Amino acid sequence: MAVPYLKSTFKVCVDNVLEQEISGRVYNPFVPCMAEFPNIYLLIDRMERIINYLGFPQSAQDYRSFGKSKAIDGQSKGKGDFNKIMDDETFENLIGEKATFIVQVQFRQNATWQGSISWVEQKKEQKFRSALEMIKLMDSALNECTKEE
């Protein structure tokens, strides 16, 4: 049986930054393939879909929509036990061309995420209280990278 908090651990590999827009790959050790993201919106969307699929952390409330209420893409909502697919060494060795972040989503309250983000290259960690704050932390790290280049 998997340790639940590991299900919500992501490796975000930023490969490109163009006019303040990031793109790259996101990995989760319980999902068999990486998900590419061409912009920050799709990064958040892909991470949210993986969290919904694995069912952890559970959302404190359902999202509102203008259309009919339904589960996103008929996802499983964490039914069943999921086995870790990617070993620790492989997960450790994934890096982005511009920057690498480890994101741990601990809670989903107030229609957003709370957790921690680690900037792998600089060995810095910060807590975040919302997905927007997480994005701003990534942006500040990437701005530091750009200044150094």
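Here goes a summary of the coordinates provided. Numbering of residues begins from 1 in every chain and follows the order in which that chain's sequence is written. Since the coordinates come from a predicted model, pLDDT governs what is reported: local features require at least 70, and pairs of side-chain atoms require 80 or more to be given and counted, while whole-chain, interface and lining totals use all residues. Water and hydrogen atoms play no part in the side-chain values, which are based on all heavy atoms of the structure.

This paragraph deals with the pairing of strand 2 (residues 21–27). For strand 2, a buried count of 6 out of 7 residues is recorded, marking the element as mostly surrounded by other parts of the structure. For two strands to count as paired, DSSP must find a minimum of two bridges between them. Each helix corresponds to a stretch of at least 4 residues labelled H or I by DSSP, and each strand to a stretch of at least 2 residues labelled E; elements are numbered beginning at the N terminus. Bridge count between strand 1 (residues 9–18) and strand 2: 7 bridges; the pairing is antiparallel. In the strand pairing of strand 2, L18 is matched with E21. Adjacent in sequence and paired antiparallel, strand 1 and strand 2 are bridged by 2 residues, among which E19 carries a positive phi angle near 50°. The sheet contact formed by strand 2 and strand 3 (residues 35–37) spans 3 bridges and is antiparallel. Paired with R25 across the two strands is E36, which belongs to strand 3. Only protein chains enter the accessibility calculation, which uses a 1.4 Å probe; a residue is then buried when its area is under 20% of its type maximum, exposed when over 50%, and partly exposed in between.

The next point concerns the environment of F30. Tracing the backbone shows F30 in the loop between strand 2 and strand 3. Along the sequence, F30 and F82 sit 52 residues apart, while their C-alpha atoms lie 6.8 Å from each other.

Our next topic: the packing of aromatic side chains. Only centres within 6.5 Å qualify two rings of Phe, Tyr or Trp (six-membered ring in Trp) as a pair; their planes then separate them into stacked at under 30 degrees, edge-to-face at over 60, and tilted for everything else. Counting across every chain of the model gives 0 aromatic pairs. A positively charged side chain is recorded as over a ring if its NZ (Lys) or CZ (Arg) lies within 6 Å of the ring centre. The angle to the ring normal must also be within 35 degrees. Above the ring of F91, the side-chain terminus of K11 is found at 5.3 Å from the ring centroid.

Of note, E48 is situated in helix 2 (residues 40–54). Under the rule applied, a polar contact is a pair of N or O atoms within 3.5 Å (in protein, one hydrogen donor and one hydrogen acceptor; residues adjacent in sequence only if both atoms are side-chain atoms). Polar side-chain contacts of E48 include one of 2.8 Å to the side chain of R108.

The next subject is the side chain of R25. Here R25 shows up in strand 2. A polar atom in the side chain of R25 sits 2.8 Å from the side chain of D15. Contacts are assigned to residue pairs that have any heavy atoms within 4.5 Å of one another. Discounting chain neighbours no more than four positions away, the residues touching R25 are K11, V12, C13, D15, M34, A35, E36, F37, I95 and G96.

Here we come to the sheet that holds strand 4 (residues 99–109). Taking strand neighbours across the sheet as the criterion, the 6 strands line up as 3-2-1-4-5-6 in an open arrangement whose pairing is antiparallel. Edge strands, defined here as strands with exactly one partner in the open sheet, are strand 3 and strand 6 (124–128). The average undirected angle you get between the axes of adjacent strands in this sheet is 25°. Sheet strands touched by helix 2: strand 1, strand 2, strand 3, strand 4 and strand 5 (112–119). Its angle to strand 2, the strand with the most contacts, is close to 20°. Axis lines are fitted through C-alpha atoms, for helices just across the contact stretch, and the angle between N-to-C directions can take any value from 0 to 180 degrees.

A separate point is unusual backbone geometry. Backbone torsion omega between F56 and P57 reads -10°, so that peptide bond is classified as cis. Along the polypeptide, P57 turns up in the loop between helix 2 and helix 3 (88–92). One non-glycine residue, E19, adopts positive backbone phi at about 50°. Structurally, E19 is set in the loop between strand 1 and strand 2. For E19, a relative accessible area of 75% corresponds to the exposed category.

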